[in-house]
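Here are the chains, one letter per residue:
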Amino acid sequence: MVRRLATVATCNLNQWAMDFEGNLGRIKDSIRQARAQGASYRVGPELEVPGYGCEDHFLELDTVAHSWEVLADLLSDPEDLTGGMLVDVGMPVIHRGVMYNCRVFLLNRRVLLIRPKLNLANDGNYRETRYFATWKHRGVVETHRLPEGVIAAMGAAGPLDGEVPFGDAVLKLKDAVLAAETCEELFTPAAPHIGLALAGVEIISNGSGSHHQLRKLNQRLDLIRGATAKAGGVYLYANQRGCDGGRLYFDGCACVAVNGALVAQGGQFGLADVEVVTATVDLDEVVSYRCAISSLREQASATTCPHLVSVDWALCAPPPATTPATTPATATATATAPPPPRALYPTQPIEPRILRPEEEIAYGPACWLWDYLRRCGASGFLIPLSGGADSSSVAAIVGAMCQLVVKAAAEGDPRVTADVRRVAGYGPEELPQSAQELAGRLLSCVYMGTANSSRETRERAKVLAEQVGAYHLSLTIDGVVEAVVSLFAAAVSGGRRPQFRAHGGGTAENLALQNIQARLRMVLAFLLAQLLPWVRGVPNKSGAGWLLVLGSANVDECLRGYLTKYDCSSADINPIGSISKADLRSFLQWAATHLGYPVLAQVEAAPPTAELEPLVEGQQPQLDEVDMGMTYAELSLYGRLRKVARAGPVAMYNACAAMWAGRLAPAAIATKVKDFFRFYAINRHKSTVLTPSYHMESYSPDDNRFDHRQFLYNIRWPWQFRRIDQLAERDTAAAAAAAAAAAAEPSGTAAADGSTAEKAADLAKAWQRKGSLQKFLNGSKCDDEFRKLHLELKELYQEAANARTLLLDTAPPGAYDTRPAPAATRTRTPPLVTPEEEQAIKDTGGYGSVAASKQSYDRLVQLFQTIYRPRGPNARQKPEEYVIDLLYTYNKQQNKSINDKLEHLAQRICGRWRQLKDRETVLKRVATLLAMWAVRIDGLNQIDAFRAAVRGALAPLQEATGKLMLPLTPEDTAQELKGED
């Protein structure tokens, strides 16, 4: 028996909306490549003829007319591109006055079938029902009259009446049954491929227009493999790959699956305009697979046969034959027109290639930037480089782009070679020899510092530009800021000058002085973008003398509105506008090693700060998370709950209460949720002017198409917030009742787990061998539990820093001395509390829940200012430690669950802390930091018992870890807690 072997081809095409000339060329190139690889069937992406992203251009009849013209060109091409090959293309078609998103099958200069899409994508970034209708007549086929130009192109090969089948049908070839679905139909619950497989269809293709979303490829590949795992068959997936003119990047990954196994997979990202993926499949294996499953046989036997369009043509290759002796005439014919190669065996299964999220962040936006740059006519990019995580991420992504371009040009890609010579101004025989050389032509960076900028960020920006290879300017813009402030003072305020809060100014003055710095940076960035190419004299064969300004606002800050309207978040395009802060920090750690920019490790380790307020003793006291009133981790959670889980304020409170039960008091959870929605409502208007950003994250607040919501809110949310308060009161009462019931039961003595000590020792040894924290975290010896602990520790440090900053900000100038003590006097002196002070503390209620409400914390600060002795015996004691001592002494009435939680966390942290001097040192450090954390959430009680529990937890771990520890000094405590090496 002759096996039915067929070589089939799918492809990634970098189509561009409304570029009919370029799109036609790429379609033809893919057909040529498929034919050269022996394929007899070629499927292309969804709407590949006009480009998927035409949007409202689909409403123009010109778009449909030009699509038919492209199809006519394909049919009449002198190369006979459809001769002996089944070609499946995507384009819009108007049938009986309705526009449909269609697949058009071509063979031997003839249109065989037009198959309209049955299910449209109309959520997230997709708006297909705005332009198209679904074909609602399942199994029904009508006739469609082709345009005269297409009829003429078909000539004698076409039908006499110019009419072809239109509808829900499959192709019945001489040796195979083949059908198509389109994009969304793979994802829909009642997917057509199941019914088609039960009806005996052996090959199912999917021309898709699926955009990149972080961590989504796994889901897509699972669906593709699952499409044939249940009911058998061959599944071909084609996709666009590139920026087709908008915010989306279509991430390719064309592939072929057979009976649930992946046998071929194209690249997810790349600079090639055309990538063809072929596989040889055995259709008899499909039959065998289906016959072996009893339930499948039973369901298939009850399935109604679909409408069949018979085609007198064989898809499968004939068996290879022995080459006969040839005459000179036949030898000449064979030499001039050799047959395509035929595979002898089916393609074997492969493992799916799934990139790490850090790699997706590096290469997806990099390819998007290259497409945008080479198509828009600019001569490069300009980045306002602050030395912080966000702008440094953008610079690293441009560096990754340059690496990809240099690699593709060196490998001989003709399109990339032509583009880089044109955009970067290389001569006909020249090519960049390194990514740094190319970056020197394409990327300009500018650090725009003020008196509030730190030396560290200025230096990091300079070093990063050097490592990437970018042209770099380091400016001081205080003169420009002073000119604007002086103009205001002279013309508006009668000589009064606004002051920062640190200098006695109010909130309005403080914000205005920060915002003017940010907005002036935007103005200067666009000025430099226009004139730097002229100043530098960098050649550009496009004739353009301007740079694209790149924005660097991340998705969390956009969601919260933590940005100045029309500052450097206002740019031409933004490659990270839909990436979370947590993902960016992971990317920076990865890029420091894998992209070759080691300074990024320092950037990631530094606490995020806007550097818009005055320095204190040369250091920037401003922290982003303190300013926002919430952490980036919390923002990511709120974003996913708001958008992905579709949670309003009350639903978000319920979700957070379930996740944070036992960690935060219900009142604290309610405050966090209300704060988020209040700030979100206040700042939602900023989303209407966000810079066009690469879409990657599922909770992007992009107002243009993805997140359609109002931008004028009642920021008090009276109904919703009242309901949240009621729920918080209910949960508080329930927690108190549970605590009372638990207190009535006898409790055992907590003991340290010996296995924990052993694991701590193993982890510590592995850590020491790795030599750095990041290598350890990325290594195989580091398990998920430790990575989670590492994040908890970093969050713990941030909470402590937030508490200290709040205390410092609310105290009057000179209330205490924040300078470090001399090394010889660095000891913690117990506070001296007079009887009068003790009575004053008792009168205020003991401050049992100081962080549960701002009012009680303010009372604590006021009391602290009253009794703290800035020049007394404990003058060198840190102010937050003094406050903690007060809490330790007088906080006796809080629930025990907080202590239990902190005991457990202290035990886990102590077992993995690598820099210790002795047990008392670590006890003091951990207890102090945990107490600061507790101050922010719900206070502590029975601190002596807590200290004893920490000592008990340290005892079994000290022996296992002590020999590996290094001396600890107060200076490196903060660095250790931030996770720095």
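- By the naming in an unreviewed UniProt entry, the protein chain is Glutamine-dependent NAD(+) synthetase, taken from Edaphochlamys debaryana.
- Its UniProt record gives the protein chain a comment under Sequence similarities (unreviewed entry), which states: "In the C-terminal section; belongs to the NAD synthetase family."
- According to the UniProt record, the Catalytic activity (unreviewed entry) comment for the protein chain reads "deamido-NAD(+) + L-glutamine + ATP + H2O = L-glutamate + AMP + diphosphate + NAD(+) + H(+)".

### With respect to the overall build of the protein chain
Line of reasoning, step 1. Of regular secondary structure, the protein chain possesses 34 helices and 20 strands.
Line of reasoning, step 2. Partitioning the contacts of the protein chain with sequence separation of at least 6, the portion at a separation of at least 24 is 75%.
Line of reasoning, step 3. Of the accessible surface of the protein chain, which amounts to about 41,400 Å², a share of 55% is contributed by carbon and sulfur atoms.

### Some points on the nonpolar core
Line of reasoning, step 1. Ranked by internal contacts, the top residues of the largest apolar core, which has 66 residues, are Leu369, Phe381, Ile383, Met401, Leu438 and Phe587.
Line of reasoning, step 2. With 13 residues, the single largest contributor to this core is helix H11 (residues 389-410).
Line of reasoning, step 3. Among the domains, domain 1 (7-310) and domain 2 (360-478 + 516-615) are the pair contributing at least three residues each to this core.
Line of reasoning, step 4. When residues no more than four places from it in sequence are discounted, the contact partners of Phe381 are Leu369, Leu373, Val398, Met401, Leu442, Leu443, Ser444, Leu547, Leu548 and Leu550.
Line of reasoning, step 5. Of all hydrophobic cores here, the second largest spans 53 residues; its members include Phe20, Leu47, Phe58 and Leu106.

### What to know about helix H23 (residues 666-683)
Line of reasoning, step 1. Across its 18 residues, H23 extends 26 Å between first and last C-alpha, which sits within 8% of the 26 Å expected from 1.5 Å per residue.
Line of reasoning, step 2. Of all the residues in H23, the buried ones are Pro666, Ala668, Ile669, Ala670, Val673, Lys674, Phe676, Phe677, Tyr680, Ala681 and Asn683.

### A few points about unusual backbone geometry
Line of reasoning, step 1. Here Leu47, not a glycine, exhibits a phi torsion of approximately 50°, which is positive.
Line of reasoning, step 2. Here Leu47 lies in the loop between strand E2 (41-43) and helix H2 (61-75).
Line of reasoning, step 3. When its relative accessible area of 0% is taken as the criterion, Leu47 is described as buried.
Line of reasoning, step 4. Within the chain, Asp80 stands out as a residue other than glycine whose phi angle is a positive 55°.
Line of reasoning, step 5. In this fold, Asp80 is placed in the loop between H2 and strand E3 (86-95).

### Some words on the pairing of E3
Line of reasoning, step 1. The element E3 is extensively covered by neighbouring structure, given that nine of its 10 residues are classed as buried.
Line of reasoning, step 2. Relative to strand E4 (residues 98-107), E3 runs antiparallel, the two being bridged by nine bridges. The partner of Val87 across the bridge, within E4, is Leu106.
Line of reasoning, step 3. Here E3 folds back onto E4 in antiparallel fashion, the turn holding two residues, of which Arg96 has a positive phi close to 50°.

### Overview of helix H21 (residues 632-644)
Line of reasoning, step 1. In this model H21 runs 17 Å from its N-terminal to its C-terminal C-alpha over 13 residues, within 8% of the 18 Å that 1.5 Å per residue would give.
Line of reasoning, step 2. Among all positions of H21, only Tyr632, Glu634, Leu635, Ser636, Tyr638, Gly639, Leu641, Arg642 and Lys643 are buried.
Line of reasoning, step 3. Those residues of H21 hidden inside the fold are in contact with helix H17 (555-560), helix H18 (581-594), helix H20 (624-628), helix H22 (649-659) and H23.
Line of reasoning, step 4. The positive-phi residue at the C-terminal boundary of H21 is Arg646, with phi of around 55°.

### Digging into the packing of aromatic side chains
Line of reasoning, step 1. Considering all chains together, one arrives at 22 aromatic pairs under this definition.
Line of reasoning, step 2. Each ring, one from Tyr638 and one from Trp660, has its centre 6.5 Å from the other, and the planes form 70°; the classification is edge-to-face. Linking Tyr638 in helix H21 with Trp660 in the loop between H22 and H23, this pair joins segments that are 22 residues apart in sequence.
Line of reasoning, step 3. Classification of Tyr638 as buried rests on a relative accessible area of 1%.
Line of reasoning, step 4. Residue Trp660 is classed as buried on the basis of its relative accessible area of 9%.

### Here's the deal with a nonpolar patch on the surface
Line of reasoning, step 1. The grouping of Leu527, Leu531, Trp534 and Val535 at the surface amounts to a nonpolar patch, some 450 Å² of accessible area in total.
Line of reasoning, step 2. For Leu527, a relative accessible area of 43% translates into the label partly exposed.

### Observations regarding the pattern of salt bridges
Line of reasoning, step 1. By the definition in use, this model includes 44 salt bridges.
Line of reasoning, step 2. Here Arg4 and Glu202 are joined by a salt bridge, their closest N and O atoms 2.8 Å apart. In this pair, Arg4 sits in the segment before strand E1 (5-13) while Glu202 sits in the loop between helix H5 (192-198) and strand E10 (203-208), placing the two residues 198 residues apart along the sequence. The exposure classification of Arg4 matches that of Glu202, with both residues buried.
Line of reasoning, step 3. With its nearest N and O atoms 2.8 Å apart, the salt bridge here joins Lys117 to Glu128. Taken together, the residues Lys117 in the loop between strand E5 (110-116) and strand E6 (141-145) and Glu128 in the loop between E5 and E6 connect sequence positions 11 residues apart. A single burial state applies to Lys117 and to Glu128, both of which are buried.

### Points about the pairing of strand E13 (residues 255-258)
Line of reasoning, step 1. Burial along E13 is two-sided: Cys255 and Ala257 and Val256 and Val258, pointing in opposite directions, are all buried.
Line of reasoning, step 2. One ladder, built from four bridges, connects strand E11 (residues 234-242) with E13; its direction is antiparallel. Across the sheet, residue Tyr237 finds its bridge partner in E13, namely Cys255.
Line of reasoning, step 3. Hairpin remark: E13 followed by strand E14 (residues 261-265), antiparallel, with two residues in the connecting loop; positive phi at Asn259, about 50°.

### Comments concerning the confidence of the model for the protein chain
Line of reasoning, step 1. In the predicted model, the protein chain carries a mean pLDDT of 78, and the fraction of residues at 70 or more is 72%.
Line of reasoning, step 2. The model gives residues 763-774 a pLDDT under 50, and that stretch makes 28 contacts with residues more than four places away or in other chains.

### Topic: the packing of helix H10 (residues 357-376) against helix H12 (residues 414-424)
Line of reasoning, step 1. Packing of H10 against H12 leaves a shortest axis separation of 10 Å and a crossing angle of 60°. Taken together, the axes of H10 and H12 are oblique relative to one another. The element H10 and its partner H12 pack so that their crossing is left-handed. Only Arg415, Val416, Asp419, Val420, Arg422 and Val423 of H12 make contact with H10, whose side of the interface consists of Trp370, Leu373 and Arg374.
Line of reasoning, step 2. Split into classes, the residues belonging to the contact of H10 with H12 amount to five nonpolar, no polar and four charged.

### Here's the deal with the sheet that holds strand E19 (residues 471-476)
Line of reasoning, step 1. The strand order across the open sheet formed by four strands is E19-E18-E17-E20, and the pairing between neighbours is parallel. The open sheet has two edge strands, E19 and strand E20 (548-549), and neither has a second partner.
Line of reasoning, step 2. Where strand E17 (residues 381-384) lies against strand E18 (residues 443-449), four bridges are found, and the strand directions are parallel. For Leu382, the partnering residue across the bridge sits in E18 and is Ser444.
Line of reasoning, step 3. Where helix H13 (residues 435-442) meets the sheet, it contacts E17, E18 and E19, and its direction lies at approximately 65° from that of E18.
Line of reasoning, step 4. Across the sheet, helix H14 (residues 455-468) lies against E18 and E19, angled at about 165° from E19, the strand it touches most.

What counts, and where the lines are drawn
Residues numbered from 1 in each chain as written. Predicted model: local features only at pLDDT ≥ 70, side-chain atom pairs only at ≥ 80, totals over all residues. Heavy atoms only, no water. UniProt positions renumbered as here; feature names shortened; annotations may be inferred. Helix = DSSP H or I, 4+ residues; strand = E, 2+ residues; numbered from the N terminus. Contact = heavy atoms within 4.5 Å. Areas by Shrake-Rupley, 256 points an atom, 1.4 Å probe, with all protein chains shown as cover. Core = buried A, V, L, I, M, F, W, Y, C linked by side-chain atoms within 4.5 Å. Buried < 20%, exposed > 50% of the residue type's maximum accessible area, 1.4 Å probe, protein only. Domains from an automatic or database assignment. Expected span 1.5 Å × (residues − 1). Pairing = 2+ DSSP bridges. Phe/Tyr/Trp six-rings, centres within 6.5 Å; stacked < 30°, edge-to-face > 60°. Patch = residues over 30% accessible without salt bridge, like charges linked within 9 Å, V, L, I, M, F, W, Y side chains within 5 Å. Salt bridge = Lys/Arg side-chain N within 4 Å of Asp/Glu carboxyl O. pLDDT = per-residue confidence, 0-100. Axes fitted to C-alpha atoms, helices over the stretch in contact; angles between N-to-C directions. Parallel < 35°, antiparallel > 145°, perpendicular 65-115°, else oblique. Left-handed = near helix turned anticlockwise from the far one by under 90°. Nonpolar A, V, L, I, M, F, W, Y, C, P; charged D, E, K, R; others polar.

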